[in-house]
Structure formats: structure tokens, C-alpha cells
Amino acid sequence: PLGVAPVEWYWYYQDDDAEWYQRKLDEAYIAREFFEGIDYTGVVFLATDDVNVPNYVGEAVSTSSTALRVLAIRAADGQEAYAWVQNRDHTWVSADRMPEPVSGNFVLLGISQGEFRVERWNTMTGEVTVDPETIVADAEGALIVQVRDLRRDQAIKIVTIASTSASESESIPASGIGQVMAFSVTTLISLAGWSHRSELGLVLWQ
């Protein structure tokens, strides 16, 4: 299937580093595998209130711990959701130390009632880190997703069991920190007082 993945603006300044290029391509393939099968038509963006994106239109994600940051997209029919969850103490500013693990949960709204398969992906390697689990969205469309002992970040794929016979995902060897979602082509993102300007392109492949 056709897929897209963000390409950081500094991609173009590494002309003499083949290993670096390979790592970025590996990360793009992880993103493709993570989002495989999604229908982007009418998707809804969701984020915790510490994420400030100009002209952002979406919904809020509530968490049980202020140490969790969440960005997500929800399919128009409420039968799929894809989330990136971060320990807010794990940023490039503090990359020289490992933060204390954080546990808690976050709530996605607008989800179809029923059972959902949950996969937790390592964003550095593309591996599904634990056996997929099943959680249930209630009649009001709320889905509570648990987060356990999170030190860095994690990608979480949530797909309704009623509409898929999803198989176990294969791991993709990669190195470096994989980024699995982007909100816009050119954006200024402000997180807890820290601002960063990114210019993003798109890699497309069959």
C-alpha cells in the first residue's frame, strides 16, 4: 500500500554519510509498517494540552500523569487509532540521562464501541515489544490505554478486532530514534516552553 513518512529538514545536509542515510531510511520504513492499512480520509488529530501547534485543529487527549505526552490520530469511523506516547523528561535536551519510568494511562474519545487489538512498538527498532493485547471501548466511545514503565517513547497501534485479522508485525532492523508522525509540512512546534521549527517532506512508496 501507499505510505508516507516525515523527512527531517536536516536530511539534506548529510551527503557524505551513507550510514546516517541508511538509518533514516530504516526509520521511514518503520513508520510505513506502523501506519500500514490506515485510511487517512477524515482522520482526526488528538494531542495532550502541552502540545502547541499553530493552526492545529483536533481534540484533546487526557492522561492520568502530567509526565506523559501523547499525539495521536483517529480514523474517521473510530475503528483505528495510532498514538505516539512520550515520557516528557525524555527530550534531546536531556538525552544524556535516562529519565525515571512513568506509568499511567491516556484516554482516546470518539472510538467505536467494542474490542480493540493493541500493539506497542519500539520506535528505535520497529519491534512490537510485548504480545498484542485486547482492550474495550465503552458505549460512550472512550478507550483507556495503559502505559507501563515508559522511559523514552512508544508507538501504539490500536485496531478494532471486528474489522481486521491483523497478523503479528515483523520487526525491521534500524538504528536511531524513529519518529512516527508529523502534523504538517512546515510547522513551529512548542512543547513545554521549548520551540523547534521543522520543515518536513514526504517519502512515498508502493
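Structure: see above.
Residues numbered from 1 in each chain as written. Predicted model: local features only at pLDDT ≥ 70, side-chain atom pairs only at ≥ 80, totals over all residues. Heavy atoms only, no water.

K.L.:
Give a description of the pattern of salt bridges that names residues and reports values.
P.N.:
Side-chain pairing between opposite charges can occur once the charged atoms of the two side chains come close. One pass over the structure, following the stated rule, counts 7 salt bridges. A salt bridge links Glu33 to Arg32; the shortest N-O distance between them is 2.5 Å. Looking at Arg32, the relative accessible area reads 24%, which means it is partly exposed. A salt bridge links Arg117 to Glu119; the shortest N-O distance between them is 3.0 Å. For Arg117, a relative accessible area of 16% translates into the label buried. One salt-bridge network, held together by shared partners, links Asp50, Arg69 and Arg88. (Salt bridge = Lys/Arg side-chain N within 4 Å of Asp/Glu carboxyl O. Buried < 20%, exposed > 50% of the residue type's maximum accessible area, 1.4 Å probe, protein only.)

K.L.:
Before we move on, could you go through the sheet that holds strand β2 (residues 44–47) and cite the residues and values that matter?
P.N.:
Note on sheets: strands pair through backbone hydrogen bonds, and any given pair is parallel or antiparallel. Read from one edge to the other, the open sheet built from 7 strands follows the order β4-β2-β6-β7-β12-β9-β10, with strand pairing classed as mixed. Looking at the sheet topology across the chains shown, the edges are occupied by β4 (59–60) and β10 (133–137). Seen against the sheet, helix α1 (residues 18–34) touches β7 (80–87), β9 (114–121) and β12 (153–160) and runs at an angle of roughly 25 degrees to β12. (Pairing = 2+ DSSP bridges. Helix = DSSP H or I, 4+ residues; strand = E, 2+ residues; numbered from the N terminus. Contact = heavy atoms within 4.5 Å. Axes fitted to C-alpha atoms, helices over the stretch in contact; angles between N-to-C directions.)

K.L.:
Give me the lowdown on the sheet that holds strand β11 (residues 143–150), citing residues and values where you can.
P.N.:
An order of β5-β8-β11 is seen for the 3 strands of this open sheet, with the pairing classed as antiparallel. The two strands at the open ends of the sheet, each matched to only one other strand, are β5 (62–63) and β11. With 2 bridges joining them, β5 and strand β8 (residues 102–108) adopt antiparallel strand pairing. Bridging across to β8, Thr63 finds its partner in Phe106.

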